[in-house]
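Chain residues, written in single-letter form:
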Number of protein chains: 2
Amino acid sequence: MAARSYGQYCGVTTAVELIGERWALLIVRDLLVGPRRYTDLKVGLPRIPTNILSTRLKELQEGGVVRRVPLHGCGLVYELTPYGRALEPVMLALGRWGFQSMGDPDEGDVVTPDSLTMALRTAFRAERATPLDVELHVGDVALRAIVHDGVLAVVQLAPPAPPVGGAVPPGDPEAVIVAGPGIRHLIAGDVTPAEAIAQDLVAVVRGDERILNDFAQTFHIAPLAA
Amino acid sequence: MAARSYGQYCGVTTAVELIGERWALLIVRDLLVGPRRYTDLKVGLPRIPTNILSTRLKELQEGGVVRRVPLHGCGLVYELTPYGRALEPVMLALGRWGFQSMGDPDEGDVVTPDSLTMALRTAFRAERATPLDVELHVGDVALRAIVHDGVLAVVQLAPPAPPVGGAVPPGDPEAVIVAGPGIRHLIAGDVTPAEAIAQDLVAVVRGDERILNDFAQTFHIAPLAA
DNA sequence: CCGGATCCGAATCGATACTG
DNA sequence: CAGTATCGATTCGGATCCGG
């Protein structure tokens with residue numbers, strides 16, 4: 001029996017043996033946004049030691065979760081296998097659950113493009129979504145969230161350079177929203193959009209402030225029913 | 001910043017900090033079945049070191065996932081808080097995902113009453129469930145699975161002594177099913193009930209073998225659509 | 001028996017440096 | 001860019017011990 005085995009024959013145990021090691025699930029989180037190079041992952045997970053990243057990628061490949069794909073000519077990327085992509089429902093459920101415990105950020109905590117992208121997906125309610133096209137800034141991260149036909153698309157924007165891994169959406173967003181960590185109170189429904197603005201949790205720096213009503217209805221994580 | 005922190009402000013990261021340590025999720029899995037004493041948990045997780053169990057229980061309490069409840073007069077139990085119970089969808093999704101990677105058990109792997117109980121919940125399809133009342137044996141574990149009004153109830157049976165933590169269901173089961181690890185092929189739909197019997201993956205030692213049709217329809221984890 | 005606490009060697013992780 | 005190598009700091013695992 002492997003040393004890391006939990007010694008049980010059970011689906012949960014098997015899953016935890018595949019993706020339960022430290023950092024593994026965060027690697028999967030970033031790869032759920034799209035294929036990433038080794039260096040992209042390292043930048044997106046600033047505190048991961050490089051030997052751990054290397055080890056995890058090997059383990060995830062061995063587990064059939066991740067695949068290593070040479071890029072035509074130069075470089076290579078890691079991407080999820082279909083089996084790895086099947087973790088999306090788990091990841092979204094886990095993100096929603098963890099959201100309930102988020103307080104204010106600790107000193108040194110960062111928001112990364114991939115984590116914010118997945119956070120938006122986590123909070124997205126297809127059944128109540130309204131058409132939407134906004135630019136969202138949180139910390140240094142800027143991205144464009146577009147809801148069309150009840151489907152959410154997120155494009156990451158890089159301040160000066162062109163966006164990573166995709167085309168800039170055509171046209172201008174309806175509004176530009178700038179927020180800090182306090183935006184979680186809007187997502188949770190603790191405050192109304194008007195209150196969020198009044199308390200400086202969120203600002204609409206371009207466009208109509210009323211867009212926040214659509215935003216808050218579309219992106220929402222309800223507190224526990226208790 | 002805490003030493004164990006991942007340094008990111010994100011729901012997934014928060015969740016992993018709460019329940020991502022080794023053994024933590026398996027403790028939660030067992031507690032999802034019902035409140036458990038320290039010793040119950042130790043028996044249900046045979047390979048967990050006692051200091052780790054003790055540490056995890058403290059951490060889970062601190063995280064608001066687990067509560068320590070004195071038992072009227074003698075002893076005490078650990079139980080999930082409402083927030084901890086909210087992990088059930090995560091656990092079921094994770095169990096379904098891990099199920100896809102289950103091969104044959106390694107030598108020394110065990111099946112515990114709680115892991116089998118959660119496995120049944122994982123595989124339960126309410127929308128296709130039929131009324132059912134069977135006794136299921138896998139390894140040393142025996143339990144009674146009853147589907148009534150589209151709701152699954154599982155009662156753990158102890159061979160000689162009375163069952164743990166609940167009353168024996170009244171009456172006799174419709175059938176007694178004895179299975180080994182190969183039962184996963186029936187759950188996955190790799191084999192029909194008839195084939196499962198022919199290949200000795202499953203045996204119906206009392207009652208009508210046709211009950212396996214209902215069983216296989218009620219408990220099913222579809223392979224990846226790929 | 002229940003509910004842990006303590007001790008210690010083994011394995012893992014984190015930080016940094018270095019390489020093809 | 002995509003990793004290895006190294007090494008001290010932590011954590012884990014296994015065993016033992018202890019108070020009710």
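Treat the numbers as computed from the prediction; the structure is a model and nothing was measured.

Time to look at the overall build of chain A. Check the secondary structure of chain A and you find ten helices and seven strands. Relative to the compact-globule value of 17 Å for 226 residues, chain A shows a C-alpha radius of gyration of 19 Å, a close match. In terms of its C-alpha atoms, chain A occupies a principal-axis envelope of roughly 60 × 50 × 35 Å. Within chain A, counting contacts between residues at least 6 apart in sequence, those at least 24 apart form 60% of the total. Counting only carbon and sulfur atoms, one obtains 54% of the accessible surface of chain A, whose full area is about 10,500 Å².

Next up on the list: the packing of helix α1 (residues 11–19) of chain A against helix α6 (residues 88–99) of chain B. Think of two packed helices as two axes; the pair is described by the angle between the axes and how far apart they sit. With their axes 7 Å apart at the nearest point, α1 of chain A and α6 of chain B run at an angle of 80 degrees to one another. Between α1 of chain A and α6 of chain B, the angle is such that the two are roughly perpendicular. Contacts between α1 of chain A and α6 of chain B involve Gly11, Val12, Thr14, Ala15, Val16, Leu18 and Ile19 of chain A from the first element and Met91, Leu94, Gly95, Trp97, Gly98 and Phe99 of chain B from the second. Its residues assigned to classes, the contact of α1 of chain A with α6 of chain B comprises nine nonpolar, four polar and no charged.

Residues and elements named next belong to chain A. Evaluated as defined, the whole model comprises 18 salt bridges over all chains. The shortest N-O distance in the salt bridge between Arg29 and Asp30 comes to 3.0 Å. Among the residues examined, Asp30 registers a relative accessible area of 1% and is labelled buried. Residue Arg184 pairs with Asp104 through a salt bridge whose shortest N-O separation is 3.2 Å. Of this pair, Arg184 sits in helix α8 (residues 183–188) while Asp104 sits in the loop between α6 (88–99) and α7 (113–123), placing them 80 residues apart in sequence. A relative accessible area of 58% means that Asp104 is categorised as exposed.

Attention now moves to the pairing of strand β2 (residues 76–80) of chain B. All names here are of chain B. Here five bridges tie strand β1 (residues 66–70) to β2, and the two strands are oriented antiparallel to one another. What sits directly across from Val69, in β2, is Val77. If you look at the hairpin formed by β1 and β2, you'll find five residues sitting between the two strands, and Gly73 has a positive phi there, around 95 degrees.

Further remarks concern unusual backbone geometry. Phi angles above zero are rare outside glycine, and Asp200 of chain A is one such case at about 65 degrees. Given a relative accessible area of 67%, Asp200 of chain A falls into the exposed group.

All names here are of chain B. In spatial order, the strands read β5-β4-β3-β6-β7; together these five strands make up an open sheet with mixed pairing. Where the open sheet ends on each side, the last strands, each with one partner, are β5 (151–157) and β7 (202–206). Strand-to-strand twist in this sheet, taken as the mean axis angle between neighbours without regard to direction, amounts to 25 degrees. Strand direction decides the pairing type here: strand β6 (residues 175–179) and β7, joined by four bridges, are antiparallel. Looking across to β7, one finds that Ile177 is bridged to Val204.

Taken together, the contact pairs 57 residues of chain A with 57 residues of chain B. When residues of chain A are sorted by the area they lose upon contact with chain B, Tyr6, Tyr9 and Trp97 of chain A head the list and together hold 19% of the total. If you look at where chain A meets chain B, you find zero salt bridges. Here chain A is connected to chain B by 20 residue pairs in polar contact (both at pLDDT 80 or more).

Around DNA strand C sit 21 residues in total, of which Arg22 and Arg56 of chain A together with Thr50, Arg68 and Tyr78 of chain B are the nearest. One of the side-chain nitrogen or oxygen atoms of Arg4 of chain A is found 3.0 Å away from a phosphate oxygen of DNA strand C. At 2.6 Å from a phosphate oxygen of DNA strand C is found a side-chain nitrogen or oxygen belonging to Arg22 of chain A. Listing elements by their share of the surface near DNA strand C, those giving two or more residues are α4 (50–62) of chain A together with α3 (38–44), α4 (50–62) and β2 of chain B.

Moving on: the UniProt feature "domain: HTH hxlR-type" (unreviewed entry) in chain A. With numbering aligned to this structure, UniProt lists the feature "domain: HTH hxlR-type" (unreviewed entry) at residues 10–106 of chain A. Measuring from the first to the last C-alpha atom of residues 10–106 of chain A gives 36 Å, for a span that is 57% helix and 10% strand.

Take chain A, turn it by 180 degrees, move it 0.0 Å along the axis, and it overlays chain B with an RMSD of 0.0 Å. Classification of the inter-copy transformation places it as that of a two-fold axis. Within chain A, Val90 of chain A has its C-alpha nearest the rotation axis, a separation of 2.9 Å. An overlap of 100% is found between the interface residues of chain A and their copies at the interface of chain B, pointing to a shared contact surface.

Okay, the side chain of Glu21 of chain A next. Positionally, Glu21 of chain A belongs in the loop between α1 and α2 (24–33). Judged by relative accessible area, which is 17%, Glu21 of chain A ranks as buried. With sequence-adjacent residues up to four places away left out, Glu21 of chain A is seen in contact with Arg4, Val16, Arg56 and Glu59 of chain A together with Arg22 of chain B.

In the neighbourhood of DNA strand D, 21 residues make up the surrounding shell, with Thr50, Arg68 and Tyr78 of chain A together with Arg22 and Arg56 of chain B lying closest. Considering the 4 Å shell around the protein, atoms of DNA strand D inside it are sugar or phosphate in 69% of instances. The contact in question runs from a base oxygen of DNA strand D to an N or O atom on the side chain of Thr50 of chain A, over 2.6 Å. Interatomic distance of 3.2 Å between a backbone N/O atom of Leu76 of chain A and a phosphate oxygen of DNA strand D. Grouping the constituent residues of the surface near DNA strand D by class yields six nonpolar, seven polar and eight charged.

Let us now look at the nonpolar core. Counting 66 residues, the largest nonpolar core has Val65 of chain A together with Val65 of chain B as the members making the most contacts within it. Val65 of chain B has contacts with Trp97 of chain A together with Val28, Leu60, Glu79, Leu80, Thr81, Tyr83, Gly84 and Leu87 of chain B, leaving out every residue within four places of it along the chain.

Right, let's talk about the sheet that holds strand β5 (residues 151–157) of chain A for a bit. Residues and elements named next belong to chain A. Read from one edge of the open sheet, five strands run β5-β4-β3-β6-β7, paired in mixed fashion. Two strands bound the open sheet, and with one partner strand each, they are β5 and β7 (202–206). Across this sheet, the average inter-strand angle for adjacent strands is 25 degrees, counted without regard to direction. The strands that helix α10 (residues 211–218) touches are β3 (132–138), β4 (141–148), β6 (175–179) and β7; relative to β3, the one it contacts most, it runs at about 85 degrees.

Scoring rules and cut-offs
- Residues numbered from 1 in each chain as written.
- Chains lettered and ligands numbered in written order.
- Predicted model: local features only at pLDDT ≥ 70, side-chain atom pairs only at ≥ 80, totals over all residues.
- Heavy atoms only, no water.
- Helix = DSSP H or I, 4+ residues; strand = E, 2+ residues; numbered from the N terminus.
- Rg over C-alpha atoms; globule rule 2.2 N^0.38 Å.
- Contact = heavy atoms within 4.5 Å.
- Areas by Shrake-Rupley, 256 points an atom, 1.4 Å probe, with all protein chains shown as cover.
- Axes fitted to C-alpha atoms, helices over the stretch in contact; angles between N-to-C directions.
- Parallel < 35°, antiparallel > 145°, perpendicular 65-115°, else oblique.
- Nonpolar A, V, L, I, M, F, W, Y, C, P; charged D, E, K, R; others polar.
- Salt bridge = Lys/Arg side-chain N within 4 Å of Asp/Glu carboxyl O.
- Buried < 20%, exposed > 50% of the residue type's maximum accessible area, 1.4 Å probe, protein only.
- Pairing = 2+ DSSP bridges.
- Buried area = accessible area lost by both parts, 1.4 Å probe.
- Polar contact = N/O pair within 3.5 Å; in protein donor to acceptor, adjacent residues only side chain to side chain.
- Near = heavy atom within 4 Å.
- UniProt positions renumbered as here; feature names shortened; annotations may be inferred.
- Least-squares fit on C-alpha atoms with pLDDT ≥ 70 in both.
- Core = buried A, V, L, I, M, F, W, Y, C linked by side-chain atoms within 4.5 Å.

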